[in-house]
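Structural description and commentary
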Amino acid sequence: MVDFENKLRYDVSDLRDLMRLLRSPDGCPWDAEQTHESIRRNLLEEAYEAAEAIDSGDTEHLIEELGDVLMQVVFHADIAQSSQRFDLDSIADATCKKLIRRHPHVFGDVKAKDGSESLLFWEDIKRAEKQHESVSEAMSDVAASLPALWRAEKIQKKAAKVGFDWPDYNGSIDAIHAETAELISAIESGGDIEEELGDLLFSAVNAARFFEIDPEKALGRASEKFMLRFSKLEKMAHAQERNLSDMTLDEMEALYQKVKLER
C-alpha cells in the first residue's frame, strides 16, 4: 500500500501529488500507460459532462464534474512532466501571462466601456498574437475538433466581422429555402446529398446566429423533445396492447400527432 496522507480537505497541490503517485511504478499500471492521445477523448467527454452539470443547476454535481475536468488537466501535465516537456506550473504560467496580456483594460492604460469592448480588445490581441493576416487564416484557426455546429457558427462570425453577412435574418431564412431545394434536387438527380445536406445545416446555423441562439443547444432541445414525445407514443401503444414493431408507420405517426397536440 502506498503512503498518501488522509486529510479532511485537499487542494490542487494534493491533486498534483496524487496524480504523480498514481502514475509512478508503485501506482496504477493503467494511469502509467496513458498518453496525451489515449486520454484525448476523456478530456472532451469530461468537458461535456461539466456542461451538463451547469445546465442541471446542481452545485454538488458541478463540483464533481469540474473536478474531473481539472483531473484531466493535471493528468496531461504529469504525462508531459514525465518526459520533461512541461508541467502544471508551465500551464499556469502561460495562462496567467495570456490573461494579463489580453486584458489591457485591466492591467494597462486602455479603458473598456463595457463587456463588448473588452471582448474586442481580447480578439484584436489574439489576432495579433497569432499573426493572422487574413480572415481566411482566422477561420482556419477555428479548431476542427469542435462540434460541427459550433465550428460553423464561429466561422460565420469571422466572416460577419468584415461585412460578409446578410443584412438581417430574412437572408438566412431565404438561404434555408434555397439549400432545401438544392438538397431535394440532389436526391432526385443522384447528386452529392451529403454536400447539400451540409449546406442546409450551415444555413440553419446562420439563422440561429441572427437570433443569438446556440445551435447546439437548439438541436439538443429538439432531441430531448423528440425523446419525450416518442416515450409518450410508446406508452400510448402499450395502452392499446400494441408493440411498436408490429405497427405500421401510419399508425405510429397518428399516435405521434396526438402526442404533439398535448401541452
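Residues numbered from 1 in each chain as written. Predicted model: local features only at pLDDT ≥ 70, side-chain atom pairs only at ≥ 80, totals over all residues. Heavy atoms only, no water.

Regarding the overall build of the protein
The condition is simple: Only DSSP runs of H or I reaching four residues or more are called helices, and only runs of E reaching two or more are called strands; each is numbered from the N terminus. As a reference, a globule follows 2.2 Å times the number of residues to the power 0.38, and the radius of gyration itself is taken over C-alpha atoms. Any residue under 20% of the maximum accessible area for its type is buried, any over 50% is exposed, and the rest in between are partly exposed; the area is computed with a 1.4 Å probe on protein chains only. Note on areas: these come from Shrake-Rupley sampling with a 1.4 Å probe, and a residue is covered only by the protein chains present in the view. Counted charges follow a simple rule, with Lys and Arg positive, Asp and Glu negative, and His plus the chain ends left uncounted. Note that the charge is assigned to NZ on lysines, CZ on arginines, CG on aspartates and CD on glutamates.
Along its length, the protein carries 13 helices and zero strands. Its helices and strands taken in sequence order, the protein reads α-α-α-α-α-α-α-α-α-α-α-α-α from the N to the C terminus. Taking 263 residues into account, the globule formula puts the C-alpha radius of gyration at 18 Å, and the protein, at 25 Å, lies well above it. Principal-axis analysis of the C-alpha atoms gives the protein an extent of 65 × 55 × 40 Å. Here the protein holds 263 residues, and 23% of them are scored as buried. Element-wise, carbon and sulfur atoms account for 56% of the exposed surface of the protein, whose accessible area totals about 18,800 Å². For the protein, the distance from the average position of its 33 positive side-chain charges to the average position of its 55 negative side-chain charges is 5 Å.

Describing the side chain of Asp-78
Definition in use: In what follows, residue pairs with any heavy atoms lying within 4.5 Å of each other are defined as contacts.
Looking at the element boundaries, Asp-78 is found in helix α4 (residues 59-82). Filtering out sequence-adjacent residues up to four positions away, Asp-78 remains in contact with Met-19, Arg-20 and Arg-23.

Section: the packing of aromatic side chains
Counted only if it meets this: Centre distance within 6.5 Å is the pairing criterion for rings of Phe, Tyr and Trp, where only the six-membered ring of Trp is used; planes under 30 degrees apart are then read as stacked, over 60 as edge-to-face, and the remainder as tilted. By definition, being over a ring means that NZ of Lys or CZ of Arg is both within 6 Å of the ring centre and within 35 degrees of the ring normal.
Under the criterion given, the structure shown has five aromatic pairs. Ring geometry for Tyr-169 and Phe-211: centres 5.1 Å apart, planes at 45°, overall tilted. In this pair, Tyr-169 sits in helix α10 (residues 169-189) while Phe-211 sits in the loop between α11 (193-210) and α12 (215-239), placing the two residues 42 residues apart along the sequence. Three or more aromatic residues link up through ring pairs in this structure, and these residues are Phe-226, Phe-230 and Tyr-256. The ring of Trp-122 carries Arg-102 above its face, with NZ or CZ at 4.9 Å from the centroid.

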